[in-house]
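# Notes for the structure review
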Amino acid sequence: MKSFNELHSLCTTITNNTESANTTLMKELINDTQRQIMASFNIFDLEKTGTATTVVNQQFYNTGVDFDRMISVILAVGTTTYSLVEVSSQLEWDMLNEASFTSDVPQFYFILADQVGIYPTPSSSSNTITFTFKKRIKDMTEDDFTTGTVASITNGATTMVGNAPSWVTAQAGRFIRITSDGDWYEIASVTNSTTLELTKNYEGTTLAAATEAYIIGDMPVIPENHHQMLAWRPVANYFRQNGDLQRASVFEQMYQDGLVQMRRDHGNKTTDPNVDGTAGSFMRNPNLFLTQ
């Protein structure tokens, strides 16, 4: 994995330009490049599930501050779960709602800004709406953080304690790597200035009364094997703007080759060759179906 700090440092090294204006430009172009990639790829790591609870006669519900695009909506009423169908146009939604109608047998949903509407309007409270969506990505902004050391963490645990690290809640969602261990772990939450929680169990050697160096990095959301792509496009733009078309072409080709490989590696959720990511793409046994 390459942190935001490592990526913009790589850019300034390759361009041999460490001026602050160039560093600022590289940071901006790195984020722009990631957004361009995310716009054309269905990155499954960005899928997120959220919930809301129905309220009598309330039709619209908040989806969350990081909502980007809806994938699916289901609504559980008692022991029955309903999978809702999307209404894609405002006109169709308005036509459905010409007459006021409430029911606990939902059929459709409609996205309006960052809210999801349910039709018919729920007629009772306390039922759970579950929506799966693609979350919106944030720009990377922070350089690597290395203050203090790691004091303790147990193999298989998620709680990490530091020696005067001055951790802050804003570091939740970033990744931490203990230098002697080498693996990156996502930070789930920061309890206080000396204690944080990981999203996954720590798999390294148990540490106790230690003084281990570490790095907290602001990480890209694209798959880690392709992080370097976020440097190739900014560098190509830099050389193009400075008239070095040969080197611009080299780094642009590296970027394009990376896109091709990334599509091969991450076009599907699994490596199963029988799944192409489209509805109905699974293999069917013709002997299980009636024919005339």
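Report on the accompanying structure.

What counts and how
Residues numbered from 1 in each chain as written. Predicted model: local features only at pLDDT ≥ 70, side-chain atom pairs only at ≥ 80, totals over all residues. Heavy atoms only, no water. Helix = DSSP H or I, 4+ residues; strand = E, 2+ residues; numbered from the N terminus. Buried < 20%, exposed > 50% of the residue type's maximum accessible area, 1.4 Å probe, protein only. Contact = heavy atoms within 4.5 Å. Areas by Shrake-Rupley, 256 points an atom, 1.4 Å probe, with all protein chains shown as cover. Expected span 1.5 Å × (residues − 1). Salt bridge = Lys/Arg side-chain N within 4 Å of Asp/Glu carboxyl O. Pairing = 2+ DSSP bridges. Core = buried A, V, L, I, M, F, W, Y, C linked by side-chain atoms within 4.5 Å. Axes fitted to C-alpha atoms, helices over the stretch in contact; angles between N-to-C directions. Parallel < 35°, antiparallel > 145°, perpendicular 65-115°, else oblique. Left-handed = near helix turned anticlockwise from the far one by under 90°. Nonpolar A, V, L, I, M, F, W, Y, C, P; charged D, E, K, R; others polar. Phe/Tyr/Trp six-rings, centres within 6.5 Å; stacked < 30°, edge-to-face > 60°.

### Section: the overall build of the chain
Within the chain, the regular secondary structure consists of 5 helices and 14 strands. Within the chain, the proportion of its 292 residues that are buried is 38%. Taking the contacts inside the chain whose residues are at least 6 apart along the sequence as the reference set, 66% of them involve residues at least 24 apart. For the chain, the exposed area adds up to about 16300 Å²; of that, 49% sits on carbon and sulfur atoms.

### A word on helix H4 (residues 229-241)
The terminal C-alpha atoms of H4 lie 19 Å apart, and with 13 residues this matches the ideal 18 Å at 1.5 Å per residue to within 8%. Of all the 13 residues making up H4, 10 are buried; the element is thus mostly covered by neighbouring parts of the structure. Taken together, the buried positions of H4 are occupied by Met-229, Leu-230, Ala-231, Trp-232, Arg-233, Pro-234, Val-235, Ala-236, Tyr-238 and Phe-239. Along its buried surface, H4 packs onto helix H1 (4-15), helix H2 (20-40) and helix H5 (245-266). Two residues or fewer after H4 comes Gly-243, characterised by a positive phi angle close to 80°.

### Focus: the pattern of salt bridges
Counted under the stated rule, the structure contains 6 salt bridges. With a closest N to O distance of 3.0 Å, Arg-35 and Asp-139 form a salt bridge. Remark: Asp-139 occurs in the loop between strand E8 (128-135) and strand E9 (149-152) and Arg-35 occurs in helix H2; sequence separation between them is 104 residues. You can call Arg-35 partly exposed: its relative accessible area is 35%.

### What to know about the sheet that holds strand E5 (residues 85-86)
Strands pair in a sheet through their backbones, by hydrogen bonds, and they do so in one of two ways: parallel or antiparallel. An order of E2-E7-E6-E5 is seen for the 4 strands of this open sheet, with the pairing classed as mixed. With partners counted over all chains shown, the strands left at the sheet margins are strand E2 (60-62) and E5, one partner each. Pairing between E5 and strand E6 (residues 108-112): 2 bridges, direction parallel. Bridging from a neighbouring strand, Glu-86 pairs with Tyr-109 of E6.

### Some words on the nonpolar core
Core analysis: the largest hydrophobic core is formed by 26 residues, its most contacted members being Ile-30, Ile-37 and Leu-230. For this core, the elements supplying multiple residues, two or more each, are H1, H2, H4 and H5. When residues in this core are grouped by element, the largest group, 8 residues, is from H4. Grouped together as the second largest cluster of nonpolar side chains are 16 residues, Val-150, Ile-178, Tyr-185 and Ile-216 included.

### Some thoughts on the sheet that holds E8
Taking strand neighbours across the sheet as the criterion, the 4 strands line up as E1-E8-E3-E4 in an open arrangement whose pairing is antiparallel. Each edge of the sheet is formed by a strand with only one pairing partner; in this case those strands are strand E1 (47-53) and strand E4 (80-83). Across the sheet, the axes of successive neighbouring strands diverge by a mean angle of 25°, strand direction being ignored. Across 7 bridges, the pairing between E1 and E8 is antiparallel. Across the sheet, residue Thr-53 finds its bridge partner in E8, namely Thr-128.

### Digging into the packing of H4 against H5
Orientation of H4 relative to H5, taken along the N-to-C sense of each, is 155°, at an axis distance of 8 Å. The angle between the axes of H4 and H5 places the two elements in the roughly antiparallel class. Crossing of H4 over H5 shows left-handed handedness. Of the residues in H5, those touching H4 at Met-229, Trp-232, Arg-233, Val-235, Ala-236, Phe-239 and Arg-240 are Leu-245, Arg-247, Ala-248, Phe-251, Glu-252, Met-254, Tyr-255, Gln-256, Gly-258, Leu-259 and Met-262. Partitioning the contact of H4 with H5 into residue classes produces 12 nonpolar, 2 polar and 4 charged.

### Notes on the pairing of strand E10 (residues 159-163)
Residues Met-160 and Gly-162 point to one face of E10 and are all buried, whereas Thr-159, Val-161 and Asn-163, pointing to the other face, are not buried. The sheet contact formed by E9 and E10 spans 3 bridges and is antiparallel. Note that in E10 the partner of Val-150 across the bridge is Gly-162. Between E9 and E10, which pair antiparallel and follow one another directly, the connecting turn spans 6 residues, one of which, Gly-156, has a positive phi of 90°. As judged from the 3 bridges shared by E10 and strand E13 (residues 195-198), these two strands associate in the antiparallel manner. Each residue of the ladder has a partner; that of Thr-159, found in E13, is Glu-197.

### Regarding the packing of aromatic side chains
Going through the model one piece at a time under the given rule, you end up with 12 aromatic pairs. Three or more aromatic residues joined by ring pairs make a cluster, and in this case those are Phe-60, Trp-93, Phe-101, Phe-108, Phe-110 and Tyr-119.

Note that every value here comes from positions in space, so none of it alone points to a role or purpose.
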